[in-house]
Amino acid sequence: MIISLIGYMGSGKTTTGKDLAKAIGYEFIDLDEFIEKKYEKKITEIFEQEGELGFRKKEKDALQEILTSTNIVLSLGGGTPVYYNNIDEIVDKSISIFLRVQLPYLVKRLESKKHTRPLIAHLSNDEMMEFIAKHLFERNQFYQKSKYTINISNQSPLEILDEIMNQLKQEKIWI
């Protein structure tokens, strides 16, 4: 079984994914890190050399490779579900969980981490809110195809993990 975590940057996919993988004894894979290892290039280098379409093609190939594995918790990039038929593949071949964080919480989470996020590093806080709102509007239709949605506001990582585990237990996916 593969459990895929979907959501916007700053939604906690990596932190939650690592915690979940540890709790259930699965391997954790961050898709961006997997791509960097597979192609021996940083994501920024792939974007610079091949553009976004080149990156998205590599991302799709890496995703398809991972989705043939088992016992994995997979943290996806925020844009992964939006391109090609990725969301259909994710929903079909994994247990997909959308980590939904409301806009004000996302902005607050990302304000202090702007310098590590190339898409928003150059934006003022007001511009960042508008940028994220636009992205969420465009991406939510894909994110919402996930099997489960976990609404996140100011819960601790442990509370989020408990919520996911309870959902999986209720659905008899994880006992």
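Per chain, residues are indexed from 1 in the order of the written sequence. Whole-chain, interface and lining totals are the exception, using all residues; otherwise, since this is a predicted model, local features are given only for residues with pLDDT of at least 70 and side-chain atom pairs are given and counted only at 80 or more. Neither water nor hydrogens contribute to the side-chain values; these are computed over all heavy atoms in the structure.

## Looking at the overall build of the protein chain
Alright, step 1. Secondary structure is summarised from DSSP: a helix means a run of H or I of at least four residues, a strand means a run of E of at least two, and numbering begins at the N terminus for each. Across its full length, the protein chain holds seven helices and five strands.
Alright, step 2. Traced from its N-terminal end to its C-terminal end, the protein chain shows the element sequence β-α-β-α-α-β-α-β-α-α-β-α.
Alright, step 3. Over its C-alpha trace the protein chain gives a radius of gyration of 16 Å, about what one expects of a compact globule, namely 16 Å for 175 residues.
Alright, step 4. Seen along its three principal axes, the alpha-carbon backbone of the protein chain occupies a region of about 45 × 35 × 25 Å.
Alright, step 5. Sorting the 175 residues of the protein chain into buried and exposed places 45% on the buried side.
Alright, step 6. Note on definitions: a residue-residue contact is assigned when non-hydrogen atoms from the two residues lie within 4.5 Å. Within the protein chain, contacts between residues at least 6 apart in sequence are counted, and of these 71% link residues at least 24 apart.
Alright, step 7. If you sum the accessible surface of the protein chain, you get close to 9300 Å²; carbon and sulfur atoms cover 49% of it.
Alright, step 8. A gap of 3 Å separates the mean positions of the 24 positive and 26 negative side-chain charges of the protein chain. C-alpha atoms define the radius of gyration in this analysis, and the globule rule sets the expected value at 2.2 Å times the number of residues to the power 0.38. Relative accessibility thresholds used throughout: buried, under 20% of the residue-type maximum; exposed, over 50%; partly exposed, between the two (1.4 Å probe, protein chains only). Accessible surface area values rest on a Shrake-Rupley calculation with a 1.4 Å probe, where residue burial reflects the displayed protein chains alone. When charges are counted, neither His nor the chain ends are considered; positive counts come from Lys and Arg and negative counts from Asp and Glu. All charge positions are set by atom: Lys at NZ, Arg at CZ, Asp at CG, Glu at CD.

## Some words on the nonpolar core
Alright, step 1. Throughout, nonpolar core names a set of buried Ala, Val, Leu, Ile, Met, Phe, Trp, Tyr and Cys residues whose side chains join them through atoms within 4.5 Å. Residues Ile3, Val73 and Leu74 are the most contacted members of the largest nonpolar core, which totals 50 residues.
Alright, step 2. Take this core: its biggest share by element is six residues, from helix α3 (residues 43-66).
Alright, step 3. Leu74 has contacts with Ile2, Ile3, Ser4, Leu5, Ile29, Leu31, Leu63, Ile66 and Leu67, leaving out every residue within four places of it along the chain.

## Quick word on helix α6 (residues 125-143)
Alright, step 1. At Phe137, α6 shows its largest bend, some 35°.
Alright, step 2. Regarding α6, the residues found buried are Met128, Ile132, His135, Leu136, Arg139, Phe142 and Tyr143.
Alright, step 3. Looking at the buried residues of α6, the elements they touch are β1 (2-6), α4 (86-93), β4 (95-101) and α5 (103-111). Bend at a residue means the angle formed by two fitted axes: the first through the 7 residues ending at that position, the second through the 7 residues beginning there.

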